[in-house]
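The residues making up each chain are set out below.
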Amino acid sequence: MWLINCQNYQLEQNDIDGPNAIPYCILSHTWGDDEVTFQDMQNSFDIAVHKKGFEKIKGMCELTLEYGHSHAWVDTCCIDKTSSAELTESINSMFHWYQRAALCVVYLEDFTLTDGQLTPTKADLQPCRWFTRGWTLQELVAPRDIIFHDCNWTQCGSKVQLLNILHRITSIDITILRSSDKLNQVPVAQKMSWAAKRNTTRIEDMAYCLLGIFGIHMPLIYGEREKAFLRLQEHIAQKTNDMSLFAWQHSKSELGLRHSGILARHPSWFASASDIKHWLDPVIPTPSWIITNTGLELHTALDSSRGETGHRLYLRCTSGHVDDKDGDPPVFTIWLRKIKSSYVRYQPSWLSLTPQSQMRFGKPSLVRIATSLTPAEGIEANSLYFSHSDLLYPTIKIQWECIEAYSHGFSVSHSYYPEHLWDIRRECFLASSSPRFVGVVEITMSAPLGDSTWEATCYVVCGLRRVDSRAAEGTDTLCPWAIVLQHRKEDDTIEGLDSGYARGDLVNPYKLSTLGITFRSWLAVNDPPSLAMNQVRYGDKGHLTISASVLAGNHHRQLGDTIVITVTPVLSSLGLPHMRSRAEH
């Protein structure tokens, strides 16, 4: 470990666990521009002193001497980041380094203590960037003694003095803030929740900054992106049988995903787990498991009370609001579905507290669950499941056909939303049997226009509606609907529509949502219309006409209606083609 000699700014190596260990102060801060590097301190000190980041090093060294110590550690310049071996060792050791420090100095560069103010309030500290960074989580938890300082290096209070404020900002239990010795008693999901609202510059660091929190040592592979967090969870699963590792919920932006692996893709998926606690079942032991190249394998009994709808996996954890004296407390469960030879997690936005009295366990058996699914595998899982239940889970098929393509260079591209519900292989939306479904196809047409390019965009919005609006959901007959929308305004977002559909509440601020509720409601009391949208003008070169026809089939066939949509771009100075699409249900 490299330490700064605060008398002369020389870097000196020291074995902090050896007999000649030197007590040191350690800095916790947020990185900025023009930081001083290890090479600057070793080889170019005359350049280092002129860098903006040197003021932080100078302030830290002066403060270390005031606190009665001779050496300091600052992460910007005390790690040789050009050495992958040293970087890996440093990141894997960092929690221990903060734990062994005589004192941790927190520097809040975006906070100033006002005149006459002795200690800050929660409202003062919460906006500080320091509370949003991934690396500073372990720098708060690991040290026993911390003193906070504002941007002028004015003391704001110690960790002990600010204990309640720190707990309210971070949701970390006061017992853990006092001492990290009991970290191994905290459920995995709760520890993950501490990082749920934090971020890092590098995607991989969102996993690497949590190594010390979980006592994990693993190689660093920059470039693996989200796989780093999956790898961290696999290491955790090999170390513990804490089933709260699986007690996560999908983030709101992706709630429409139907199938996933049993491991989360990001700490934000544990945001609701801050009060989770273990529940040790006195009758059913917690299963052990192994991680293989095919997934997670455990020997357990699944709850099959819902039949073919899916199976529930009992997670042996409950909410902190549940009374410990309750002999039959509700426990967290997740849904699983079998796809081919393995289970996958079904509806990962669901994490249910289920009374144990409602569970119907089958015989214990070997259960193999996929740890993760790529987007393509998720789509395939949807396809495989729905292909077995065409009558219950309809699809909306979109087929495009270019006719009379007069213009050389004319091209058409398509995007589909929700992307994870578009079956690339069968070219259809997996609509499920819900009238809440809304799918969007974005069509972009372009052609050369002199020295520039003509381009137009429209949106085909399709969905399902109830034939009998009075029928209960799931029992009524559904038929498809569609409409064509001209280019959207800047504040209309396809992603917003995706999230709105997934939440099942197609309301503002998602502008396109009115195409779902309003159009469905209109069809409930009117004959299917023939619609014509306004012309979209492109200077004096011509115009683009977008029209839509909705043709109703015979309603006696539950899933037999057909929609025909015609998109016709017309440009007076160019012989652009007619564009015809067909949406089949």
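The shown structure was predicted, so the numbers you read here are calculated from the model rather than taken from an experiment.

### Quick notes on the overall build of the protein chain
For the protein chain, the count of helices and strands is 15 helices and 29 strands. Burial status across the protein chain gives 53% buried among its 585 residues. A sequence separation of at least 24 residues applies to 65% of the contacts in the protein chain between residues at least 6 apart. Roughly 27200 Å² of accessible area belongs to the protein chain as shown, and the carbon and sulfur atoms make up 49% of that amount.

### A look at the confidence of the model for the protein chain
Chain-level statistics for the protein chain give a pLDDT mean of 76 and a share of 66% at 70 or above. Per-residue pLDDT stays below 50 along residues 388-393; that stretch engages in ten contacts with residues further than four places along the chain or on separate chains. Here residues 399-407 is a poorly scored stretch, pLDDT under 50, and it has 30 contacts once near neighbours within four places are set aside; other chains count.

### Quick word on helix 4 (residues 84-100)
With 17 residues, helix 4 ought to run about 24 Å at 1.5 Å a step, and its terminal C-alpha atoms sit 24 Å apart, in line with that. Within helix 4, the axis deviates most sharply at serine 93, by approximately 55 degrees. Turning to helix 4, its buried residues number three or more, namely Glu86, Leu87, Ser90, Ile91, Asn92, Ser93, Met94, Phe95, Trp97 and Tyr98.

### Here's the deal with the packing of aromatic side chains
Tallied over the full model, the rule gives 13 aromatic pairs. Relative to phenylalanine 38, the ring of tryptophan 2 has its centre 5.3 Å away and its plane inclined at 65 degrees; by these criteria the two rings are edge-to-face. Note that tryptophan 2 is positioned in strand 1 (residues 2-5) and phenylalanine 38 in helix 1 (residues 38-43), a separation of 36 residues in sequence. Classification of phenylalanine 38 as buried rests on a relative accessible area of 8%. With a centroid separation of 5.1 Å and 90 degrees between ring planes, the pair formed by tryptophan 130 and phenylalanine 131 is classed as edge-to-face.

### A short note on the pattern of salt bridges
By the definition in use, this model includes nine salt bridges. Here aspartate 17 makes a salt bridge to arginine 100, at a shortest N to O gap of 2.5 Å. Taken as a pair, aspartate 17 in the loop between strand 2 (11-13) and strand 3 (24-28) and arginine 100 in helix 4 lie far apart in primary sequence, 83 residues in all. The partner of aspartate 181 in a salt bridge is arginine 144, and the shortest N-O contact between them spans 3.5 Å. Residue aspartate 181 is found in the loop between helix 8 (174-178) and helix 9 (188-194), and its partner arginine 144 is found in the loop between helix 6 (135-141) and strand 6 (146-149); the two are separated by 37 residues along the sequence. The exposure class of aspartate 181 is exposed, given its relative accessible area of 55%.

### So, the nonpolar core
With 113 residues, the main nonpolar core has Ile4, Trp73, Phe148, Leu210, Leu232, Phe246 and Leu315 as its most contacted residues. With residues near it in sequence (within four places) discarded, leucine 210 still touches Leu137, Met192, Ala195, Phe229, Leu232 and Pro267. By size, the runner-up hydrophobic cluster in this structure holds six residues, among which are Trp422, Phe429, Ile443 and Cys462.

### Let's talk about the sheet that holds strand 3
Strand order in the open sheet made by the seven strands is 2-1-4-3-5-6-7, with mixed pairing throughout. With partners counted over all chains shown, the strands left at the sheet margins are strand 2 and strand 7 (155-158), one partner each. Averaged over all neighbouring strand pairs, the angle between strand axes comes to 35 degrees, with direction disregarded. Relative to strand 4 (residues 71-73), strand 3 runs parallel, the two being bridged by three bridges. By the bridge assignment for strand 4, isoleucine 26 is matched with tryptophan 73. Packing against the sheet, helix 3 (residues 54-66) makes contact with strand 1, strand 3, strand 4, strand 5 (103-107) and strand 6, and its axis sits at approximately 145 degrees to strand 3. In the packing of helix 4 onto the sheet, contacts are made with strand 1, strand 3, strand 4 and strand 5, and the angle to strand 3 comes to roughly 110 degrees.

### Quick look at helix 7 (residues 163-170)
Here helix 7 has its buried residues at Leu163, Ile165, Leu166, Ile169 and Thr170. Buried residues of helix 7, viewed axially, fall in a sector of 165 degrees; they line one side. Opposite the buried face of helix 7, at more than 90 degrees from it, the exposed residues are Asn164 and Arg168. Among the residues trailing helix 7, serine 171 stands out with phi positive, at a value near 65 degrees.

### Overview of the pairing of strand 15 (residues 342-346)
Within strand 15, five of the five residues are buried, which leaves it mostly tucked inside the rest of the structure. Examined bridge by bridge, strand 8 (residues 259-260) and strand 15 share two bridges and lie antiparallel to one another. Following the sheet pairing, serine 260 is matched in strand 15 by arginine 345. Two strands pair when backbone bridges link them, and strand 14 (residues 331-339) and strand 15 are joined in this way by five bridges, in the antiparallel orientation.

### Let's talk about the side chain of arginine 231
Summarising the element assignment, arginine 231 is placed in helix 12 (residues 227-239). Note on arginine 231: relative accessible area 15%, which makes it buried. In contact with arginine 231, not counting residues within four places along its chain, are Tyr208, Met218, Pro219, Leu220, Ile221 and Glu224.

### Brief notes about the side chain of arginine 345
Topologically, arginine 345 is positioned in strand 15. There is a polar contact of 3.4 Å between the side chain of arginine 345 and the backbone oxygen of phenylalanine 246. Excluding residues that lie within four positions of it along the chain, arginine 345 makes contacts with Phe246, Trp248, Arg258, His259, Ser260, Gly261, Ile334, Trp335, Leu336, Trp350 and Leu351.

### Section: unusual backbone geometry
Backbone geometry places tryptophan 153, a non-glycine residue, at a positive phi of 65 degrees. Note on placement: tryptophan 153 falls in the loop between strand 6 and strand 7. Even without being glycine, arginine 316 reaches a positive phi, approximately 55 degrees. For arginine 316, the position within the fold is in the loop between strand 12 (311-314) and strand 13 (317-319). By relative accessible area, arginine 316 is classed as buried at 6%.

### Let's talk about the environment of arginine 312
Residue placement: arginine 312 occurs in strand 12. On the basis of relative accessible area, arginine 312 is assigned to the buried category, the value being 10%. For the pair arginine 312 and threonine 354, spaced 42 residues apart in sequence, the C-alpha to C-alpha distance is 9.6 Å. A distance of 2.6 Å separates polar atoms of two side chains, one belonging to arginine 312 and the other to aspartate 303.

Rules used throughout
- Residues numbered from 1 in each chain as written.
- Predicted model: local features only at pLDDT ≥ 70, side-chain atom pairs only at ≥ 80, totals over all residues.
- Heavy atoms only, no water.
- Helix = DSSP H or I, 4+ residues; strand = E, 2+ residues; numbered from the N terminus.
- Buried < 20%, exposed > 50% of the residue type's maximum accessible area, 1.4 Å probe, protein only.
- Contact = heavy atoms within 4.5 Å.
- Areas by Shrake-Rupley, 256 points an atom, 1.4 Å probe, with all protein chains shown as cover.
- pLDDT = per-residue confidence, 0-100.
- Expected span 1.5 Å × (residues − 1).
- Bend = angle between axes of the 7 residues up to and from the residue.
- Phe/Tyr/Trp six-rings, centres within 6.5 Å; stacked < 30°, edge-to-face > 60°.
- Salt bridge = Lys/Arg side-chain N within 4 Å of Asp/Glu carboxyl O.
- Core = buried A, V, L, I, M, F, W, Y, C linked by side-chain atoms within 4.5 Å.
- Pairing = 2+ DSSP bridges.
- Axes fitted to C-alpha atoms, helices over the stretch in contact; angles between N-to-C directions.
- Arc of directions from axis to C-beta.
- Polar contact = N/O pair within 3.5 Å; in protein donor to acceptor, adjacent residues only side chain to side chain.

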